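This is what each chain is made of:
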Amino acid sequence: MEREWVAEESLVVAADPLRVYEAVADLRRMGRWSPECFAVWVLGRSKGRAEPGTAFVGFNRIRWRVWFTTGRVTAAVPGEAFAFRVSSLGVPVAVWGYRMEGIGEGRTRLTEYWEDLRREGRGAALVSLLGRVFTGVPAERRAAHNRRGMRITLERIKAAVEAG
């Protein structure tokens, strides 16, 4: 199986892009959306308000496996984009993000995307190995695994935002 380096999923939410952004950019709510991340600890004084540079620790779980990663917000444009870079042991692991596109009549196309950064350079092979040990998901299956998780995440965000 050839390794995929990027994945994304989209759906339409019956809400304006700013409301959708407020849901995805509240780091403390990430544990409600994601089937893998169960909690986020925001570092510093941001009180959950994400802006570029905001640092956080994400606590993750797949079945009995539990691990954490560190993240830093890289994009926070209300109503348009929210993204963060994840690392482990100081080595880049991935970029995760959301794009919001207003499509009229108070509706938003919400896209979640992921890019694997474990390509080359310092520690990439080690972090890939640790990723398999801690998550149980080999690097060559990570994109497919993430697509399934993205669909769940997007459906949960949609349900919460549309419920008000």
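Counting of residues starts from 1 at the beginning of each chain's written sequence and follows it residue by residue. Owing to the predicted nature of the model, reporting of local features is limited to residues with pLDDT of at least 70; listing and counting of side-chain atom pairs is limited to 80 or more, with chain, interface and lining totals taken over all residues. Excluding hydrogens and water, the side-chain values take into account all heavy atoms of the structure.

**Notes on the overall build of the protein**
Segments assigned H or I by DSSP are reported as helices when at least four residues long, segments assigned E as strands when at least two residues long, and all are numbered from the N terminus. Counting its secondary structure elements, the protein contains four helices and seven strands. From first element to last, N terminus to C terminus, the protein shows the α and β order β-α-α-β-β-β-β-β-β-α-α. Structurally, the protein occupies a C-alpha span of about 45 × 40 × 30 Å along its principal axes. Counting the 164 residues in the protein, one finds 46% classified as buried. The Shrake-Rupley method, run with a 1.4 Å probe sphere, supplies the accessible areas, and residue values consider only the shown protein chains as cover. When the accessible surface of the protein is totalled, it reaches about 9000 Å², and 53% of it is carbon and sulfur. Charge convention: Lys and Arg are scored as positive, Asp and Glu as negative, and His as well as the terminal groups of each chain are ignored. Each charge is placed at NZ for Lys, CZ for Arg, CG for Asp and CD for Glu. The average position of the 27 basic charges and that of the 19 acidic charges among the side chains of the protein differ by 8 Å. We call a residue buried when its accessible area falls under 20% of the maximum for its residue type, exposed when it is over 50%, and partly exposed in between, using a 1.4 Å probe and counting protein chains only.

**Details of the sheet that holds strand β5 (residues 81-88)**
A strand pair is defined by DSSP finding two or more bridges across the two strands. Here we have seven strands laid out as an open sheet, ordered β1-β7-β6-β5-β4-β3-β2, and antiparallel in their pairing. Each edge of the open sheet is held by one strand with a lone partner, namely β1 (6-13) and β2 (37-42). Averaged over neighbouring strand pairs, the angle between their axes works out to 25° when direction is ignored. Summarising the sheet, strand β4 (residues 65-77) and β5 pair through seven bridges and their orientation is antiparallel. To define axes, lines are fitted to C-alpha atoms, for helices over the stretch in contact only, and angles between the resulting N-to-C directions are given on a 0 to 180 degree scale.

**Structural notes on a nonpolar patch on the surface**
Nonpolar side chains (Val, Leu, Ile, Met, Phe, Trp, Tyr) are joined into patches within 5 Å and like charges within 9 Å, using only residues with over 30% relative accessible area and no salt bridge. Every case where a carboxyl oxygen of Asp or Glu lies within 4 Å of a side-chain nitrogen of Lys or Arg is listed as a salt bridge. Taken together, the side chains of L89, L126, L129, V133 and F134 define a hydrophobic patch exposed on the protein surface, amounting to about 520 Å² of accessible area. Residue placement: V133 occurs in helix α3 (residues 124-135).

**Let's talk about the packing of helix α1 (residues 17-24) against helix α4 (residues 142-163)**
Look at α1 against α4: their axes get within 10 Å of each other, and the N-to-C directions meet at 120°. Between α1 and α4, the crossing angle belongs to the class labelled oblique. As for how α1 packs across α4, the hand of that crossing is right-handed. Of α4, the residues touching α1 (which contributes R19, V20, A23 and V24) are I157, V161 and E162. Partitioned by chemical class, the residues of the contact of α1 with α4 number five nonpolar, no polar and two charged. Our angle categories are set so that under 35 degrees counts as roughly parallel, over 145 as roughly antiparallel, 65 to 115 as roughly perpendicular, and the remainder as oblique. Helix crossings get a hand from a simple test, with the near helix turned counterclockwise from the far one by less than a right angle marking a left-handed crossing and a clockwise turn marking a right-handed one. When checking whether two residues touch, look at their non-hydrogen atoms; a contact exists if any pair is within 4.5 Å. Any residue outside Ala, Val, Leu, Ile, Met, Phe, Trp, Tyr, Cys, Pro, Asp, Glu, Lys and Arg is labelled polar, Gly included; the first ten of those are nonpolar and the last four are charged.

**Details of the nonpolar core**
Side-chain atoms within 4.5 Å link the members of a nonpolar core, which is a set of buried Ala, Val, Leu, Ile, Met, Phe, Trp, Tyr and Cys residues. One finds L27, F82, Y98, L110 and I157 to be the most contacted residues of the largest nonpolar core, which totals 36 residues. Looking at which element gives the most residues to this core, the answer is strand β6 (residues 91-104), with six residues. Apart from residues lying up to four places away in sequence, Y98 is in contact with V24, M30, E80, A81, F82, L110, T111, E112, Y113, T153, L154 and I157.

**With respect to α1**
Listed as buried for α1 are P17, V20, Y21, A23 and V24. Along the axis of α1, the buried positions cluster into a sector of 160°, meaning they face one direction only. Polar contact is defined as a pair of N or O atoms within 3.5 Å, subject to the rule that within protein one atom must be able to donate a hydrogen and the other to accept it, and that residues adjacent in sequence are counted only when both atoms are side-chain atoms. The backbone nitrogen of L18 has a side-chain oxygen 3.0 Å away, supplied by the residue at the start of α1, namely D16. Comment: arc refers to directions from the helix axis out to C-beta atoms.

**What about the confidence of the model for the protein?**
On a scale of 0 to 100, pLDDT captures the predictor's confidence in every residue. Averaged over the protein, the pLDDT score is 91; the fraction of residues at 70 or greater is 95%. Put simply, α3 is where the protein has its lowest mean pLDDT, 73, and β1 is where it has its highest, 98.

**Here's the deal with the packing of aromatic side chains**
Aromatic contacts are taken between Phe, Tyr and Trp rings whose centres are within 6.5 Å, Trp giving its six-membered ring; a plane angle under 30 degrees counts as stacked, one over 60 as edge-to-face, and the others as tilted. Evaluation of the coordinates by the stated rule reveals six aromatic pairs. Look at F82 and F84: their rings are 6.1 Å apart centre to centre, the planes differ by 55°, and that puts the pair in the tilted class. Residue F82 is classed as buried on the basis of its relative accessible area, which comes to 0%. For F84, a relative accessible area of 8% translates into the label buried.

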